[in-house]
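Descriptive structure summary
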Amino acid sequence: MNISNGLCRVCVAGVCLGLSLSVSARVQVSEAKAEIRRTGFGVPHIRANDERGLGYGIGYAYAQDNLCLLANEVVTVNGERAKYFGAEKSTLERRNNLTSDVFFTWLNTPEAVSAFWSAQPAQMQQRIEGYVAGYNRYLKERTATGLPEQCQGAWVRAITPEDLVKLTRRLLVEGGVGQFAEALVGATPPQATAGVQPDTQTFEVAAANQQRFALDRGSNAVAVGRDRSFNGRGMLLANPHFPWIGAMRFYEMHLTIPGQLDVMGAALPGLPVINIGFNQHVAWTHTVDTSKHFTLYRLTLDPKDSTRYLLDGKSLPMEKTTLAVQVKTADGSTKSESRTVYSSQFGPVVQWPGKLDWNNQYAFSLRDANLGNDRVLQQWYAMNRAASLKELQTSVHTLQGIPWVNTLAADDQGQSLYMNLSVVPNVSAKKLAQCSDPRAGLQLIMLDGSHSACAWDVDPRAAQAGIFPADQLPQLERTDYVQHSNDSAWMVNPKAPLTGFSPVISQDKIGLGPRARFALQRLHELDKQPITTADLQHMVMDNQVYLASQVMPDLLKFCEQDLGTDATVLQPVCDSLKNWDQKANLDSGLGLVHFINLFKQLQQVPEAWQVSFDPEQPLTTPRGLAIDRAPVAKALREAMLASAADVAKLGLNQDSRWGDVQVSGKIPLHGGPQELGIYNAMQSVPREDGKREVVSGSSYLQIVTFDDQGPQAEGLLAFSLSSDPASKYSKDQTQAFSEKKLRPLLFTEQQIKADPQYQLQVISEQGQ
């Protein structure tokens, strides 16, 4: 079923997601009015009588808490950073401003933005328009009294519905062409680059950003069914690991239209829907998947002209698009700079020195499936209103609007569900074998662009041309549990392995990540007793370092050997490891710092495992450290010496604790690197004072159960509600997270109004 124009009359989750043009034309735009009720930690419970009013309340509340954040992202997605801040400065993602501007000018063309907007049902258009009006109202009020220090300047302006579309399109390509901005902007025909050295630093940053994508946007999730839950109802643990700053920073809110909608959870900046959350009957979350959402095409070039490519024996010209952006000069004036983007029928040409070189023989195009996904907002709109697990599942099957994540859900009837139903290029295993170069492997899918037969297959059952239909993607419904931690779909539940899919969708018989192994081990340990909310909370808050349980005996055995001439340096390292509790809590000792340093080095050593991965034993392999192998022992000794030097340089000693090292501002934070199997994954970066600042990790934490009264939930927004340092809501939940104090997520009217921090604000367009 094709839903690309957004005007169909298909109804899912009991809600018509498209209206005919004639109906849309008759919709009366009412005066927006909303109630914003805030409870503890400033959480907004927004209530309105219609879509525009709800959007009005969302935009106003979001601006109260994150005005500068959204203003900054609006500048970014409009390709105006160089105009206001200069070409050589960088975005929060360390991307050069000029590169960022050219990329977003290419991505968010007027035609693309207009097409996306036209595809939205009237309800969504009304909510977006309301959001814009609400944000702009608060901006006007705040401008009159003085803008926050971090967003004073001409770049802060009233927003438009087109701005929110551009923010949404940015989200769509995060898992695809968005990771190749430098390669797209820098792609230049070989004759034009003769003698020109590529900017290696730019691509080093780009490579680091690619590698961090899954780390910064990883997640854990467990959905428990009636057979394992303490009360026979469904249970859900949502533990997304998302950035603590910028365009992917979650916002917590509760949205209500009486009699139509009642949903609570977290949303990304500029999105007027709940991305991860719960309603009266269903709770759901997402985890970044391993499916491919783009493919590369190797173009065979015309020997006479490197801007022409051969397709089925015919020479075709690349399309050339010249993009102009405004750049601030030294004297404060602006000038126009232009770049040319080249494209084949398979997508834009990308050039990555040493990886994807454009020479006289080959060039490479990238096709991103989510560029055609105009259903993403409708998808979450439907999920927000789902009255059962079946309705939620049906909406995802029908719309196929989930961009690059899995969905896990549980309901009040005791069902648990896993769906890997994201937007995936329709490239079968057979086509992959025929059209891809096996030397390229499966990390990046590279197809032969010289044959039209290698284009993505089109299945009429799919919601979008060129993607797999929903019934060919992995999904599993269980009454015990499903879980996921950013691996393939294979071991969602070991009792029912998901196998036999195209490698573009999911691979089986490959090693599991340590977080998934930890989760499966913990769920197995709980097999003889009902699972409670405390059990799910402990999975995160225990901060167990799973890999320590796999290698610590060997590390300590190495320490018991003759340490030789390095003994005086190595013995304190060994003592720290021996005394460490093998956790990543605030009071965990210096051994954690050493373990992090050691494993960072040992993971680069071939055959470091005592027992290598065995696909027949995926839950227990690999394991053990092969200290009896000379190269491994040598690498371990060198890593221990380097770690000793590192902690000395940082001024740490045997009394130092993890809470002295990892922080958010001045607040100590538990958790640690996900690659060590720490379920409470935290990514932190060194600061000048020797501490490590958390930049991503556990973000919106949600544990939901159900009883006869509806959902019973607890959780936290780990980085707090507001990104404004002056706000009283900028660090309060972070402190609570540091203290492991989850709070009830107030959902009913009685709970909301009984809260001691309850405050009500009524806003309307008429009252401006």
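Residues numbered from 1 in each chain as written. Predicted model: local features only at pLDDT ≥ 70, side-chain atom pairs only at ≥ 80, totals over all residues. Heavy atoms only, no water.

**A short note on the overall build of the chain**
Tallying secondary structure elements over the chain gives 20 helices and 32 strands in all. With respect to the principal axes defined by its C-alpha atoms, the chain has extents near 85 × 75 × 60 Å. Counting across all 768 residues of the chain, residues that qualify as buried make up 60%. Partitioning the intrachain contacts of the chain with sequence separation of at least 6 by distance along the chain shows that 69% fall at a separation of at least 24. Accessible surface, the chain: about 29600 Å² in total, of which carbon and sulfur atoms supply 50%. Between the centroid of the 71 positive side chains of the chain and the centroid of its 78 negative side chains there is a distance of 2 Å. (Helix = DSSP H or I, 4+ residues; strand = E, 2+ residues; numbered from the N terminus. Buried < 20%, exposed > 50% of the residue type's maximum accessible area, 1.4 Å probe, protein only. Contact = heavy atoms within 4.5 Å. Areas by Shrake-Rupley, 256 points an atom, 1.4 Å probe, with all protein chains shown as cover. Lys, Arg positive; Asp, Glu negative; His and termini not counted. Charge placed at Lys NZ, Arg CZ, Asp CG, Glu CD.)

**Regarding the domain arrangement of the chain**
Along its sequence, the chain is organised into domain 1 (191-208 + 294-368 + 430-457) and domain 2 (544-670). The straight-line distance from the C-alpha centre of domain 1 to that of domain 2 is 42 Å. (Domains from an automatic or database assignment.)

**Observations regarding the pattern of salt bridges**
Summed over the entire model, instances satisfying the criterion amount to 30 salt bridges. Salt bridges linked by common partners bring E35, R37, R47, E749 and K753 together as one network. (Salt bridge = Lys/Arg side-chain N within 4 Å of Asp/Glu carboxyl O.)

**As for the UniProt feature "active site" (unreviewed entry) in the chain**
Cross-referencing UniProt, the feature "active site" (unreviewed entry) maps to S219 in the present numbering. Within the secondary structure, S219 sits in strand β5 (residues 219-224). The contact partners of S219, leaving out residues within four places of it in the chain, are N239, P240, H241, F242, H286, T287, V288, H484, S485, N486 and R515. (UniProt positions renumbered as here; feature names shortened; annotations may be inferred.)

**Re the state of the cysteines**
Summed over the entire model, instances satisfying the criterion amount to 3 disulfides. There is a disulfide in this structure between C68 and C151, and the S-S distance comes to 2.0 Å. Judged by the sign of its S-S torsion, about -55°, the bond between C68 and C151 is left-handed. A residue pair is termed long-range when its members are at least 10 positions apart, and C68 in helix α2 (residues 51-77) and C151 in the loop between α6 (122-145) and α7 (161-172) qualify at 83 residues. Considered together, C68 and C151 belong to a single accessibility category, that of buried residues. One disulfide in the model links C559 with C574; its S-S distance is 2.1 Å. Every disulfide takes its handedness from the sign of the S-S torsion; for C559 and C574 that torsion is -85°, giving left-handed. Of the two residues, C559 is situated in helix α15 (residues 546-560) and C574 in helix α16 (residues 567-579); the sequence distance between them amounts to 15 residues. Just as C559 is buried, C574 falls in that class too. (Disulfide = S-S within 2.5 Å.)

**Side note on the nonpolar core**
Judged by nonpolar contacts, the single largest core of 234 residues is most densely connected at F103 and F595. The element that contributes the greatest number of residues to this core is α2, accounting for 15 residues. Contacts of F595, omitting those with residues within four sequence positions, involve V545, L547, A548, V551, M552, L555, L577, W580 and L676. (Core = buried A, V, L, I, M, F, W, Y, C linked by side-chain atoms within 4.5 Å.)

**Looking at the sheet that holds strand β8 (residues 261-267)**
Spatially, 10 strands are ordered β21-β19-β18-β10-β9-β8-β7-β4-β3-β32 in an open sheet, and the strand pairing comes out mixed. Among the strands making up the open sheet, the edge pair consists of β21 (475-478) and β32 (759-764). Here the average twist between neighbouring strands, direction ignored, is 15°. When strand β4 (residues 44-47) meets strand β7 (residues 251-257), the two strands line up parallel, connected through 3 bridges. Each bridged residue has a counterpart across the sheet, and for I46 the counterpart in β7 is L255. Across the face of the sheet, helix α10 (residues 376-385) comes into contact with β7, β8, β9 (276-279), β10 (282-288) and β18 (405-411) while running at roughly 145° to β10. (Pairing = 2+ DSSP bridges. Axes fitted to C-alpha atoms, helices over the stretch in contact; angles between N-to-C directions.)

**A word on the UniProt feature "binding site: Ca(2+)" (unreviewed entry) in the chain**
Mapped onto this structure's residue numbering, the UniProt feature "binding site: Ca(2+)" (unreviewed entry) falls at E182. Mapped onto the fold, E182 is located in helix α8 (residues 181-185). Owing to a relative accessible area of 5%, E182 belongs among the buried residues under this scheme. Polar side-chain contacts of E182 include one of 2.9 Å to the side chain of R95. (Polar contact = N/O pair within 3.5 Å; in protein donor to acceptor, adjacent residues only side chain to side chain.)

**As for the packing of aromatic side chains**
As enumerated under the stated definition, the model contains 16 aromatic pairs in all. Where F85 meets W155, the ring centres are 5.4 Å apart and the plane angle is 70°; that geometry is what we call edge-to-face. Placement of the pair is F85 in helix α3 (residues 81-85) and W155 in the loop between α6 and α7, with a sequence separation of 70 residues. What makes F85 partly exposed here is its relative accessible area of 21%. A residue is classified by how much of its surface remains accessible, and W155, at 11% relative accessible area, is buried. Ring centres 5.3 Å apart and planes at 45° place the aromatic pair F278 and F747 in the tilted group. Residue F278 is located in strand β9, and its partner F747 is located in the loop between β31 (743-744) and α20 (749-754); the two are separated by 469 residues in the primary sequence. (Phe/Tyr/Trp six-rings, centres within 6.5 Å; stacked < 30°, edge-to-face > 60°.)

**A look at the packing of α2 against α7**
Viewed as axis vectors pointing N to C, α2 and α7 meet at an angle of 80°, and their least axial separation amounts to 9 Å. Judged by the angle between their axes, α2 and α7 are roughly perpendicular. Here L70, E73, V74, T76 and V77 of α2 lie close against α7, whose contacting residues are D163, K166, L167 and R170. Grouping the constituent residues of the contact of α2 with α7 by class yields 4 nonpolar, 1 polar and 4 charged. (Parallel < 35°, antiparallel > 145°, perpendicular 65-115°, else oblique. Nonpolar A, V, L, I, M, F, W, Y, C, P; charged D, E, K, R; others polar.)

**Details of the packing of α6 against α10**
In a packed pair of helices, the relevant descriptors are the angle between the two axes and the axis-to-axis distance. Packing of α6 against α10 leaves a shortest axis separation of 11 Å and a crossing angle of 95°. The angle between α6 and α10 falls in the class roughly perpendicular. Between α6 and α10, the residues in contact are Q123, M124, R127 and I128 and L377, Y381 and R385, respectively. For the contact of α6 with α10, a count of residues per class yields 4 nonpolar, 1 polar and 2 charged.

**Points about the pairing of β18**
Of all the 7 residues making up β18, 7 are buried; the element is thus mostly covered by neighbouring parts of the structure. Here β18 shows no split at all, with V405, T407, A409 and D411 on one side and N406, L408 and A410 on the other all buried. Looking at chain direction, β10 and β18 are connected through 7 bridges and run antiparallel. When the sheet's bridge partners are listed, W284 is paired in β18 with A409.

**Remarks on unusual backbone geometry**
Following T621, the chain continues to P622 via a peptide bond in cis, the omega torsion being 0°. When you line up the elements, P622 lands in the loop between β23 (609-611) and β24 (623-625). Despite not being glycine, Q400 shows a phi value in the positive range, around 50°. Counting through the fold element by element, Q400 comes out in the loop between α11 (389-399) and β18.

**As for helix α13 (residues 514-525)**
An ideal rise of 1.5 Å per residue puts 16 Å on 12 residues; α13 measures up with 16 Å between its terminal C-alpha atoms. Burial analysis of α13 places 9 of its 12 residues in the buried class, the great majority of the element. When α13 is considered as a whole, its buried residues turn out to be P514, R515, A516, R517, F518, A519, L520, R522 and L523. Tucked inside the fold, the buried residues of α13 contact β5, β6 (235-243), β22 (481-484), α14 (533-541) and α15. (Expected span 1.5 Å × (residues − 1).)

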